[in-house]
Amino acid sequence: MDNEQKLKSYNLLVKMGRNITSSLNSDAILDYILREVIKVFPSANAGVLYLYDEEKKVLCLQSCAGFQNEILLHQIPPGIAISGKTFERRQSVIINSVEELEAYVGPTDIPLSRFGRSRDSTESPKAVMSACLIIHNQIIGVITVDNYSLDQKFSPEDLELLEAAADYAAIAIFQSNMIKKEKHYILELQNRKRDLEKMLLIQNNFTDIIVRGIGFSEILDYLEKVISFPVVLYNILLEPVAYSPKGVDCPLPSSFFHFSRYNEFVKNKLQSIMDYKDEDGTYFISPVIGKNKLLGFLTVFTNTDELDELEKLALSYASLVVAQEWLKQDELFEVSQKIKGDVFHGALSGVIDKSLILHAEKLGLDYRDYFGVIIVKEDFSSCANLFEQAARSNKLVKDIVSLLGKRGINGIVVPERNLIYVMVSFSKSALTKQQQTVEVGREILRLDQNIQITVGQLYENLLNLSKSYREAWECFEIVEKYPTSSKIVNYEQLGILYLILKLSGDELNSYIDKVLQPLLEYDAQKNAGLMNTLQAYINFNKNIKYVAEYLNVHYNTAYWRVRKAERLLQQDFDSTQDWFNIQAACMLYGIIHKNSDY
């Protein structure tokens, strides 16, 4: 290498050093290095620079000079072509003849004709020089320069300069990667800081909601603003408790009721957010857990497949806030129920003192008003487990409390085992008070059909509450003894049946047989339908026309059956005494055989 060439090489290295330290763009630096290297070597007129992709396990073209870019191999596996061979062997190389080049790349490698500088060129390189880019003893790429037209050869000094340039390129790449990592780290910190600030704002807003004690709806409204999706709060029976503004028209799909993880959540009180997908969309469900008890589910209805991390954090935090509000409401309800229970049991004891009157007044009750008792017997045997039974029972109690509130009726609801005692109160000025009590019983029945209701009469003064309680309880005992299809039994309507039903089963059956046996035997032999006709005759107050229409038979047929029944029973249906016996026997028969309401 002559002095002029040495000076060019020195100047090249100095310029490279300045550019590397002043530029943050590794791509521009690599292009610059390759161009300057080709300039400084008289014997070089083209070159390429490849970097190794760890993930793809190939060398990827990063920069080129003297070539039409489209004809180059943009990806080379290690061991293939000149650059691939250099990378694989981890050793720089000078090749100064076509014969050496063919031997280097091998017979099964890419043909030399593939290395033309343009699409129309068929020339192959006359000489090649290739060096590895190494940083921290790790090879990260290859730089290769080619001679296509000159007879000059590459010298060892040229290779030393190329290796120096390769070292500069490696430094530039390392420096650029470090800067990129630093920028990425800074950006990530900024994003985390921004997310943290957002989350703190979300937490503060939720905390403010709790302090103000607005309730579930406010919590769900705010959560919907944060995540921009409808939100619905469900209890463990998958019944909606509260909605966000957009959540009103978002019911859970029926397929969710068969979702295998639902039982897992209920049983194990899992705390992670789960996602559920069907043809209608994706649902993100966060359990609401308080005091190690599963209270319900907070559900987000999305039209995407994923919530971002901030949205999931907001959903999880909202679940905690909902749990706190839920527990607060339950605690207030339990305290209220305890006070009401003390008043109820105190009144039943018959001892009405100043303390009891004071507690009653705090509940809005005037001890001088009219009071009555309704007993509700639960039957949740169809529930899957005790957990569901307890949930349904708790819900029924709250629904009854809500019902009394909506109707403006002062009352007390006291659950004990599988019974719920409902005390209702009416002012002296209220009209048709007993009818209102029965109507309350009917409305309770509409809340859940898996219950039996008995209603005692109203009595003036809280001191007489025990009378209504005994009546409702006696009705309950009668229902237990003689199950009926009627779901509500009113003591006032029992009349003389109350006295009759106090008899034993054998005595009742004996009475029924004594009055109705001839007719029942005839029906059993002839299947004549006389018993059904007689019961209809009683229900329609002896109106043959209505009986015929009810039984869908001809008027004469209905008339004949009634007269036949009268002859068989040897009773006079026009006699007050005989007709009373017939009515009583038929009613008892219907009660015992469960084919008639009473």
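Residues numbered from 1 in each chain as written. Predicted model: local features only at pLDDT ≥ 70, side-chain atom pairs only at ≥ 80, totals over all residues. Heavy atoms only, no water.

1. So, the nonpolar core
Nonpolar side chains tend toward joint burial in soluble globular proteins. If you look at the biggest cluster of nonpolar residues, it comprises 31 residues, and the most contacted ones within it are F41, L133, I143, V145 and L162. Elements supplying a minimum of two residues to this core: helix 2 (26–40), strand 1 (46–53), strand 5 (127–135), strand 6 (138–147) and helix 5 (156–212). For this core, the leading source of residues is helix 5, giving nine residues. In this view, I143 contacts L34, V48, L49, M129, S130, A131, L133, L162 and A166; residues no more than four positions away in its chain are not counted. Ranked by size, the runner-up nonpolar core spans 29 residues in total, among them I202, L233, A314 and V321. (Core = buried A, V, L, I, M, F, W, Y, C linked by side-chain atoms within 4.5 Å. Buried < 20%, exposed > 50% of the residue type's maximum accessible area, 1.4 Å probe, protein only. Helix = DSSP H or I, 4+ residues; strand = E, 2+ residues; numbered from the N terminus. Contact = heavy atoms within 4.5 Å.)

2. What about the confidence of the model for the chain?
Model confidence for the chain is summarised by a mean pLDDT of 81, while 83% of its residues fall at 70 or above. Here helix 14 (residues 496–501) stands out as the element of the chain with the lowest mean pLDDT, 54, in contrast to strand 14 (residues 419–426), whose mean of 92 is the highest. (pLDDT = per-residue confidence, 0-100.)

3. Things to note about the sheet that holds strand 3 (residues 75–76)
Strand order in the open sheet formed by six strands is 3-2-1-6-5-4, and the pairing between neighbours is antiparallel. Whereas interior strands pair on both sides, the edge strands pair on one side only; in this sheet they are strand 3 and strand 4 (93–95). Where strand 2 (residues 58–65) and strand 3 come together, two bridges link them in antiparallel fashion. Directly across from C60, in strand 3, lies its bridge partner Q75. Here helix 3 (residues 81–89) sits on the sheet and contacts strand 1, strand 2, strand 3, strand 4, strand 5 and strand 6; the angle it forms with strand 6, its principal contact strand, is near 145 degrees. (Pairing = 2+ DSSP bridges. Axes fitted to C-alpha atoms, helices over the stretch in contact; angles between N-to-C directions.)

4. Overview of the environment of D572
The topology assignment puts D572 in the loop between helix 18 (555–569) and helix 19 (576–592). Taking the C-alpha atoms as reference points, D572 and I582, 10 residues apart in sequence, are found 9.7 Å from one another.

5. Quick notes on the pattern of salt bridges
Side-chain pairing between opposite charges can occur once the charged atoms of the two side chains come close. Within this structure, the stated rule accounts for 12 salt bridges. A salt bridge links K395 to E239; the shortest N-O distance between them is 3.6 Å. Note that K395 is positioned in helix 10 (residues 386–407) and E239 in the loop between strand 7 (231–235) and strand 8 (240–243), a separation of 156 residues in sequence. Classification of E239 as partly exposed rests on a relative accessible area of 23%. Its salt-bridge partner being R446, residue E439 comes within 3.1 Å of it at the nearest N-O pair. Where salt bridges share partners, they join E239, K395 and D399 into one cluster. (Salt bridge = Lys/Arg side-chain N within 4 Å of Asp/Glu carboxyl O.)

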